[in-house]
Amino acid sequence: MGRRSHSLEYSNSSDEDSDNGEDDYARDGHENKGKARLKSCRSYLERQTQHIPVCVARTLEDNALALQKAHEKEMEERNEKRRAMQRRMSWSEKPTSSLSGGKSLFSNSRYSVTDATSKDGSSISVMSARYPFPIPAPKEDGYYDAALLFVDISGFTRLSTLLKVETLSKAINTYFDLLIQQVEEHGGDVLKFAGDAFLAQWREDDDLDLDEAVLLGVLCGSAIVKRYSRYHVPQLAEISSDEAESALLDVHCGIGVGQMTCLHVGDHEQRRESIFLGDPIDQVSEAEGMAKHGQLVASAKAIALLEETCEMLMPEDHEEGQCAVIACNDEIFFEVEDPSLVEDLKEYSLEPPSYLSMNLAPNIMESLHNQLALYVHPATRLDHKLQASAYAEVRSVFTVFVKPNIQANINGTATDDARLFALLNDIMGVTCEVLERFKGHLRQFIVDDKGVVLIATWGQRGATFPNMVTEKGLPAAVGILDALKIELDVESVIGATFGKVYCGVVGGKRRHEFALLGPSVNLAARLMSSANNPGLLVDDAVRVMASKRFDFFAHEPVKAKGYKDLVPIFEPVSVIERQWNKISTFIGREEELDKLLEVGRLQLTDLEEDPNTHMVLIQAHSGLGKSSLAMESLESIRRLGNVFKTSIKVTKNVCKDGEQRVPFCVFRQILHDLLMERFDFDTEIDEIEHWQTTDLNDSDSSLSMDSVFEDAAAQQNEERLYSRLRVLCKELHYDEDFADTIGANMLGLKPKEDASKEQLPPNELIDFVADAVLTCFPKNKLVISAIDDVQWMDSLSWKVVQRMVKHGKRLIFFCMSRPLATSNVPVDPKFLQWLREKCHPSQSKYPRFTEIKLDSFKRNDVARLLALSFGCSENCLDKKVCDYLYDQSGGMPYFCQEIVGNMIRKDLLEWKQDGSVSWRSDVTDFQKKLHSNLNDLLLNRLDDFKSDGRTLIQVCAILGFEFSLSDLLIIQSRGRRKMKQKQIEKIEGILSQADKEGILVEMFQGGTENKEDDVTEAFLEKSYMFRHSIWRNCLLGTMLEERKRELHKTIATKLGGDKVEEVKDLRVAMKLFGHWRDSGELGIATERAINIGKYLDSLLLVGQSIEFCTEAIDMWKHNPSDNNEDDEVVAGIDSKVINSISQEELVSLARLHISIAKNYSNIMDAVNSNIFFLKCDSILSKSSVAAKLTDRSVFFALYSGRFALLYIGAIPDDGLVLQMEIASDFVQQAELHGDPVHICRSISMKSLTLSRQGRFEDALELQKKLEEIYDAKELCDTICKAYSCDHTAQNYGYSVLWYEILGQFEESERQIDFILEKLMPQMPATNMHNSIMIVYPVMFVLKEKGKAKKAEEVFLTFIFNRFYEFYGKESTTYFLFIYEPLRVLFQLARCAEEGSKPDEEELAKLEDWVLSSEIGTYSEIQWGPMCAMGRDPYCIIAEICLLLTKISCDIPADEERKEKLMQKGLEQAKTSIKCTEGNPGFTYARKFQSEKIIAQFL
């Protein structure tokens, strides 16, 4: 919106200065240059003056003259002082001047201007390049009487369809020029252009009485309707006569008279407008509304004054005091009594402003130019060299009409009207602030027949952007609506449209304005003025353009000027806002509301002293009004923020049933919306300049801008989001590549081909999401984040809330939930305990937690609700009716509303003669009993639908709380046949009825439409949701279980098919899983659950995967079955179920258990891991179909998993009997199966068991057999997919130890070389567990052979560096606990071999680290596997202590510290001996490691 400042650097001089030769700076070259600039400035002034009324120009002229006079006076005083000083000084004493200040020339201006003298004394500048004039405000003498003429033209819309841009511009302005010439010839002043209309006034002054002003206006209006009604446009000569006849231009007028004033609103920098106020505005609106084409209608006051100069020839039926037609295109109904008066009035004319010919100081001239520019539309300022005709274009423009709901009536005194003037100026300021933020242009601020109206646009010259509607125009419209309400408490209505419009200067040669004309502009005004406007209405073009960010409620279509058919209109709502139903009134809950307002007040008053986050938790059963209370409190706190002059940002979100297991389900939307709002300023400016420098002067190019924008939006939208994510990641010190992962996995963006596959663990993801949201929240505002239905919020989102509450600033969290005691809410109990104990108002001066539990309404609240519904006071209500309503509803607000609504629909109440509201006399007790409970009442309303209607709504309930029409049509269709148009219309009619009944809410989700082939395409983007969950629950309760299962299966089959595919969209996958589960097809549901679990695993969300898969197992436990106490239960599932399922279902159920067991193992929960492996074993062993399985790979996964637990000691296994039994069975089954993947796994398992028994030679025999079968390149990936790790490759590492134990050192070295050179390059680099299991034995054998440097290199290359490269510092893995000890050990061992040592500072850190209590304590699950791998962790810590002790012996050190190192090292060595004793499989760890270390200590 910012205008360009064309500063002209003039110098000032005076005649007195020219007398002094040394001060004469007006040399020839400089003088010529100055004259050229003055000429240029006057040219600018002349063009800008044509855009404003003469009365406004004269007001600014008065200011300029006052400044000129003050300037001349001050210059005279200055020059006199200088001459006096010069006379007292000799020529050698002449000083050089320095800058000096002077007093402000205008004390009433908010800008202070000082005088200055240039350093060289050759130039004096009194004013800055842009001298600020004060904004003129009406004073007591600023009111005047005037006649006002409103001229309305019709026909431009039709004309625009027949002519090209250049011809259209010429035709429009030719016609306007003819009309304006009439105004000028009759001495009028054109005040405003309002689209295809304009206002002109004749102002009473010393030369013109008010009755004469009215006469001039009437003469002008009558001349216009006589000469220019049914005007044939010359430019249509080349088209057919029929078309030309249909494109005639016509005109009608209204005239009024009375007191008026001119108010100037705006600022000194961006934009100003002149607003004309007064009763004549209303008069001409009424008169023009009565006028038909070719008529002039006068108000009653105008007629009364006209009677003083004319004889009125009014029809006999004319009523006194009413408007009347006084002229038409072929007749006039008045006659001037004194013809000489007309001749005299012909001499009256408005002279142009005198500043165009005055000799103003250059800087004042330029300042005047800048002031005038503020009143001119920004598009005409972009290139001041263009003539008016050069602005004409046809462009795709987003147009916004804003109507603040205020009365702009003046009282006639500045004192009385001061509040109105201030409010109008504030409305201008607030609107312009929003437009500045979204780069829009203010077209006009006007008071006309529609009331107070502001018009804003995007798409014209200087305001053209990609994603213009979605990211600029529509958010700005919402922002204006909110800002006027929040900052000024002004309600408003807005109409917004998008379409081709004429953009250019309209009017005459000497008076014109920049305007936009076209059907979409007219439609925007029509939508704004719609009686059913809820706040913001848009057309279908906006819906299509803004589909990515907004949803839309459909309203009744309207008839609009320039449109052949009815125009569909919509109410836009964001994806979240649509679920926060609007409340028109709020009743009750005063105590709770006061408590919440106090929260807001504390946050607003103590922001500096205690800016910490405050959390509000509102608990209530469904229908008790927790959402309504939250909404009312949010609005109240917003208004409170206006009192405290603090901006407040509110975000609203809703959790959805069925998404409890979707990670970060709420914050996905929050983060997306914040990124859409958050702009990097430099990037934004670059984009703006790129789009504004596109050559759009040619009309053909402007006509093709739609396709340009659509293509640009498709190509750039996702990249812009990725770009903003990268900026955010950089700001939060994350790798920028991580933005690709977040974009694809959280925001649903298309994955990048070159994107990093790195995933963050849950804890780091939680931190990132919380920090990202906090960073995107505005820093200078109080932020209120409201989340409804948090009982359905997933556990990770709860942890984000927890972090934001603990670390956020200037933030209030509103969480609405059903009672936590009855809902399985995954909130951390410790977090709630902390809130209740540490943050409660009773525990802190600055409380951070408020908990509210809602109960039913009280009796007086119910009475107030009833009174409000009937528009009467509570005293008028019959107490029996109030008691009945309370007793029936139990005070439940939603039930109360439904009963009252039913009373109104059934006409059960009436006004009695005594003025009370009571039951109708004919109402029976049976009719009253229909309301005994909410469910019966809702069913009674559903009975109003026909059977097919009820059936359809039941299908909707099965689909979900929200559903799309396209999904419903797919489900209702039969086979592959397309639905017929009549069927679609019938379904839509039923849904529309449900919408009117308050059961459903109809929405549109945008998107393009294709009406060429498939008739259903036009409906695909429409969607619905239940107005309240109570309706859906009621519908589900009416259906038989068998019917529900049947519908769920139909939905699942038609929407997703029965083929299980890879998960791409987690929400869709979860929804389909739910339908398959509820259909009773548990086998298919289980397969989908496994895939969802894998998807969560891939995101490192292991905990969430366990939770989801466990819930999936529970569906088998609740399978309908006649359970008896004596029935056998297998793994919590009825044995009848186990024996009745198919082979495929058995395998799926077993795999689901194995998946959970593996995940528990990955997070080192061996107990639960073993439980699920045993459950799987029980299911397979008890099933009657298990023996018939041809694919026995499920057994292999079970064997492998159980063996791993036995191996690490999580399961007691004396003598390794169980391990050997499992290993032998595994080998036998694998060889029968024949797959080398499972054969390799079984052999490696058996060889490892043999080694644990001390049978190393037998183990090596099996290893050699493995080497004959195993090919890493071919089998590694498949083995890892089947068993998570390549246990066969790990066996190579173990074999190195076995060779060492048997003294086969050459074989050991050969195996080490093979592992490092051939095997490791084939291993998956990101599988850190697999890698360390392979190289761990190798590293310690190398170290024992005096190759500590090589061992360190292996560790850093394959383990340490890779882990932090792929997963980061906050990630975890099974052996992470030993990473740092290994790094330190190899570093010290290398130093010992090289004869070097760490510096003293690093040495001290290492000593502190190893002596800390956290180091040196391990569980058997941790040290057990490591003993078999060659060295336990205690031995590692012991050697670190030993090496540090040896190094400290060589340098002065604290003896006590050395003693501590020796003591801890010895303790660790002794513990190591205990760990490795008595187990033959730990021979290498005991003999080659532990015993050697303890020997050195002893």
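Since the structure is predicted, the reported quantities are computational estimates derived from the model, not experimental observations.

Explain the sheet that holds strand β24 (residues 811-817) to me, please; I cannot follow it from the model alone.
Within a sheet, adjacent strands bond to each other through the backbone by hydrogen bonds, running parallel or antiparallel. Taken in spatial order, the five strands line up as β22-β23-β24-β21-β25 in an open sheet, and their pairing is parallel. Looking along the sheet, the strands with just one partner apiece sit at the ends: β22 (648-654) and β25 (849-853). If you compare each strand with its neighbour and ignore which way they point, the axes differ by 10° on average. The pairing of β22 with strand β23 (residues 782-788) spans seven bridges and is classified as parallel. Of the residues in β23, the one forming a bridge with valine 654 is aspartate 788. Contacting β21 (614-619), β23 and β24, helix α24 (residues 795-807) crosses the sheet at an angle of about 145° to β24.

Quick question: what am I supposed to make of the nonpolar core here?
Where a protein is soluble and globular, its nonpolar side chains tend to be buried together. Phe667, Met804, Tyr1270, Tyr1379 and Leu1382 are the most contacted members of the largest nonpolar core, which totals 213 residues. Setting aside residues up to four positions removed in sequence, tyrosine 1270 forms contacts with Cys1240, Leu1275, Cys1276, Ile1279, Asp1286, Thr1288, Ala1289, Tyr1292, Leu1319 and Met1323. Counting 84 residues, the second-largest nonpolar core is a separate cluster that includes Ile784, Ile812, Ala994 and Phe1026.

It is not clear to me how the pattern of salt bridges should be interpreted in this structure. Could you clarify?
Where charged atoms of side chains with opposite charge meet at close range, the side chains can pair. A complete count under the given rule lists 60 salt bridges for this structure. When the shortest N-O distance is used, the salt bridge between glutamate 184 and arginine 510 registers 2.6 Å. Here arginine 510 lies in the loop between β16 (492-507) and β17 (512-517) and glutamate 184 lies in helix α5 (residues 165-185), a separation of 326 residues in the sequence. With a shortest N-O distance of 3.5 Å, arginine 920 and aspartate 922 are connected by a salt bridge. Aspartate 922 gets classed as exposed once you look at its relative accessible area, which sits at 51%.

In this structure, what is going on with empty space enclosed by the protein? I would like to understand it.
Any empty space left between the atoms is revealed when a probe the size of a water molecule rolls over them. One pass over the structure, following the stated rule, counts seven cavities of 30 Å³ or more. Size it by volume and the largest cavity reaches roughly 150 Å³. Taken together, 17 residues line the largest cavity, and the ones lying closest to its centre are His51, Lys192, Glu273, Tyr375 and Glu513. Secondary-structure elements contributing two or more residues to the lining of the largest cavity are β4 (189-193), β7 (272-278), β14 (441-448) and β17. Sort the elements by how many residues they give to the lining of the largest cavity and β7 lands first, with three residues.

Quick question: what am I supposed to make of the packing of helix α49 (residues 1328-1344) against helix α56 (residues 1483-1497) here?
Relative orientation and spacing of two packed helices are given, respectively, by the angle between their axes and the distance between those axes. Running from amino to carboxyl end, α49 crosses α56 at an angle of 50°, the nearest separation of the two axes being 12 Å. Judged on the interaxial angle alone, α56 and α49 are oblique. Between α49 and α56 lies a crossing of left-handed hand. Touching Phe1340, Val1341 and Glu1344 of α49 are Tyr1484, Phe1488, Gln1489 and Lys1492, all from α56. Its residues assigned to classes, the contact of α49 with α56 shows four nonpolar, one polar and two charged.

Teacher, can you tell me more about the environment of glutamine 322 here?
Summarising the element assignment, glutamine 322 is placed in the loop between β9 (310-312) and β10 (324-328). Sequence separation between glutamine 322 and isoleucine 303 is 19 residues; the distance between their C-alpha atoms is 9.0 Å. Sequence-distant contacts of glutamine 322, that is, excluding residues within four places in its chain, are made with Ala300 and Ile303.

In this structure, what is going on with the environment of valine 558? I would like to understand it.
With respect to the helices, strands and loops of the structure, valine 558 is situated in strand β19 (residues 550-558). For valine 558, a relative accessible area of 9% corresponds to the buried category. For the pair valine 558 and leucine 523, spaced 35 residues apart in sequence, the C-alpha to C-alpha distance is 9.4 Å. In this structure, valine 558 is in contact with Leu523, Arg526, Leu527, Leu566, Val567 and Ile569, ignoring residues within four places of it in sequence.

Calculation rules
Each chain carries its own residue numbering, running from 1 in the written order of its sequence. Predicted model: local features are reported for residues with pLDDT of at least 70 only, side-chain atom pairs are reported and counted for 80 or more only, and whole-chain, interface and lining totals are derived from all residues. Excluding hydrogens and water, the side-chain figures rest on all heavy atoms present in the structure. DSSP calls a pair of strands paired once it identifies at least 2 bridges connecting them. Segments assigned H or I by DSSP are reported as helices when at least four residues long, segments assigned E as strands when at least two residues long, and all are numbered from the N terminus. Axis definition: a line fitted to C-alpha atoms, limited for helices to the stretch in contact. Angles are taken between N-to-C directions and run from 0 to 180 degrees. The contact rule is simple, with two residues in contact once any of their heavy atoms fall within 4.5 Å. Among buried residues, those of type Ala, Val, Leu, Ile, Met, Phe, Trp, Tyr and Cys that are joined through side-chain atoms within 4.5 Å constitute a nonpolar core. The buried label applies to any residue whose accessible area, calculated with a 1.4 Å probe on protein chains only, is under 20% of its type's maximum; exposed applies above 50%, and partly exposed to all values in between. Here, a salt bridge means any side-chain nitrogen of Lys or Arg that lies within 4 Å of a carboxyl oxygen of Asp or Glu. Cavities and pockets are found on a 1 Å grid laid over the protein atoms alone: a cavity is a set of points where a 1.4 Å probe fits but cannot escape, a pocket is an open set with protein on both sides within 12 Å along at least five of seven lines, and a lining residue has an atom within 4 Å of such a point. Grid points are joined across faces, edges and corners, and a volume is the space filled by probe spheres set on the points. For classification purposes, an angle smaller than 35 degrees is called roughly parallel, one larger than 145 roughly antiparallel, one from 65 to 115 roughly perpendicular, and anything else oblique. Here a crossing is called left-handed whenever its near helix is offset anticlockwise from the far helix by less than a right angle, and right-handed whenever the offset is clockwise. Each residue gets one of three labels, nonpolar for Ala, Val, Leu, Ile, Met, Phe, Trp, Tyr, Cys and Pro, charged for Asp, Glu, Lys and Arg, and polar for the others, Gly among them.

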